[in-house]
Amino acid sequence: MSRILVLTAHRFPDESRVNRALIEAVRPLPGVTVHELMRSYPDYRIDVAHEQALLQSHDALVMMFPFYWYSSPAILSEWQDAVLTYGFAYGSRGTQLHGKPLQLVVSTGGDRQAYSAQGYNRYPAADLLLPFQAMANLTGMDYLPPHLVQGVNDLSDARLAQEAAGVATRVQALFTA
Ligand SMILES: Cc1cc2nc3c(=O)[nH]c(=O)nc-3n(C[C@H](O)[C@H](O)[C@H](O)COP(=O)(O)O)c2cc1C
């Protein structure tokens, strides 16, 4: 049975509306481990051995976060710096992530139109996420198209529930990826 690790990153998890709903939609799925980085490491002191063991015991990785300044919250950046070490994630013997699918799930305040050449953010969200794609490339992960939940500032409860169900469907699809 394959297993999926959902790494979530938020600066203030208790103040989250959108990502909280997305997390609760995937938490009950069989074979899914939800790992909320900020709740585990509010002091940013990441247990590298524990994180690497988690990666080794799962077959696919989801990174779920709100878009902050066109990137992830700092805790996920810190996780990357600490956990994706030479000899583990990259380098000639750093093959631990090879072949594992990587799915990003990213909520953005801006809507789809805002992330276009004519929009106020000018660039497509997928382009702004290229550092994650490059990370997947270097670590041998199989980068899947990002799943975006956009225009979240004025999402109704009903729309948010729909989006959460869509995220659950996408995560479940990783079992056959
Ligand atoms: C510090 C900060 C930076 C943000 N930067 C962006 C951004 O670059 N692009 C964007 O579309 N939304 C941005 N937002 C809006 C968040 O993406 C949005 O509030 C979040 O996805 C909502 O999810 P939550 O309810 O789980 O917090 C930012 C919000 C904060 C607090």
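None of the values given here were measured: they were computed from a predicted structure.

### A few points about the overall build of the chain
Next, step 1: Helix and strand content of the chain: seven helices and six strands.
Next, step 2: Starting at the N terminus and walking to the C terminus, you meet the elements of the chain as β-α-β-α-α-β-α-β-α-α-β-β-α.
Next, step 3: The C-alpha atoms of the chain give a radius of gyration of 16 Å, which matches the 16 Å a tight globule of 177 residues would have.
Next, step 4: Along the longest, intermediate and shortest principal axes, the C-alpha atoms of the chain span 45 × 35 × 35 Å.

### Brief notes about the UniProt feature "domain: Flavodoxin-like fold" (unreviewed entry) in the chain
Next, step 1: The UniProt feature table records "domain: Flavodoxin-like fold" (unreviewed entry) at residues 3-166.
Next, step 2: End C-alpha to end C-alpha, residues 3-166 measures 19 Å, and it is 34% helix and 19% strand.

### Some points on the site of the ligand
Next, step 1: Around the ligand sit 17 residues in total, of which His10, Ser16, Phe67, Ser107 and Tyr115 are the nearest.
Next, step 2: Trp69 is positioned with one of its backbone polar atoms (N or O) 2.9 Å from a nitrogen atom of the ligand.
Next, step 3: In this structure, Ser107 approaches the ligand through a side-chain N or O atom, which is 2.6 Å from an oxygen atom.
Next, step 4: In the complex, 73% of the free accessible area of the ligand, which totals 630 Å², lies under the protein chains.

### Topic: the packing of helix α1 (residues 18-26) against helix α7 (residues 157-173)
Next, step 1: Where α1 contacts α7, the axes come no closer than 8 Å and their chain directions differ by 45 degrees. As summarised for this structure, α1 and α7 are arranged oblique, according to the angle between their axes. Here α1 runs over α7; the crossing is right-handed. Of the residues in α7, those in contact with Val18, Ala21, Leu22, Ala25 and Val26 of α1 are Leu160, Glu163, Ala164, Val167, Ala168 and Val171.

### Here we look at the pairing of strand β2 (residues 32-36)
Next, step 1: For β2, a buried count of five out of five residues is recorded, marking the element as mostly surrounded by other parts of the structure.
Next, step 2: The two faces of β2 match: Val32, Val34 and Glu36 on one face and Thr33 and His35 on the other face are all buried.
Next, step 3: In this view, the connection linking strand β1 (residues 4-8) to its parallel neighbour β2 by way of α1 has right-handed handedness.

### Structural notes on the nonpolar core
Next, step 1: Residues Met63, Phe65 and Trp79 are the most contacted members of the largest nonpolar core, which totals 34 residues.
Next, step 2: Mapped onto this core, the elements with two or more residues apiece are β1, α2 (37-40), α3 (48-56), β3 (60-66), α4 (74-83), β4 (101-108) and α6 (130-139).
Next, step 3: The element best represented in this core is α4, accounting for five residues.
Next, step 4: Leave out the neighbours within four places in its chain, and Trp79 touches Leu7, Leu37, Ile46, Glu51, Leu55, Leu61, Met63 and Leu84.
Next, step 5: Val18, Val105, Leu160 and Val171 belong to the second largest nonpolar core, which has 23 residues in total.

Cut-off values and rules
Residues numbered from 1 in each chain as written. Predicted model: local features only at pLDDT ≥ 70, side-chain atom pairs only at ≥ 80, totals over all residues. Heavy atoms only, no water. Helix = DSSP H or I, 4+ residues; strand = E, 2+ residues; numbered from the N terminus. Rg over C-alpha atoms; globule rule 2.2 N^0.38 Å. UniProt positions renumbered as here; feature names shortened; annotations may be inferred. Near = heavy atom within 4 Å. Polar contact = N/O pair within 3.5 Å; in protein donor to acceptor, adjacent residues only side chain to side chain. Areas by Shrake-Rupley, 256 points an atom, 1.4 Å probe, with all protein chains shown as cover. Axes fitted to C-alpha atoms, helices over the stretch in contact; angles between N-to-C directions. Parallel < 35°, antiparallel > 145°, perpendicular 65-115°, else oblique. Left-handed = near helix turned anticlockwise from the far one by under 90°. Contact = heavy atoms within 4.5 Å. Buried < 20%, exposed > 50% of the residue type's maximum accessible area, 1.4 Å probe, protein only. Right-handed = clockwise from strand over helix to strand, strands pointing away. Core = buried A, V, L, I, M, F, W, Y, C linked by side-chain atoms within 4.5 Å.

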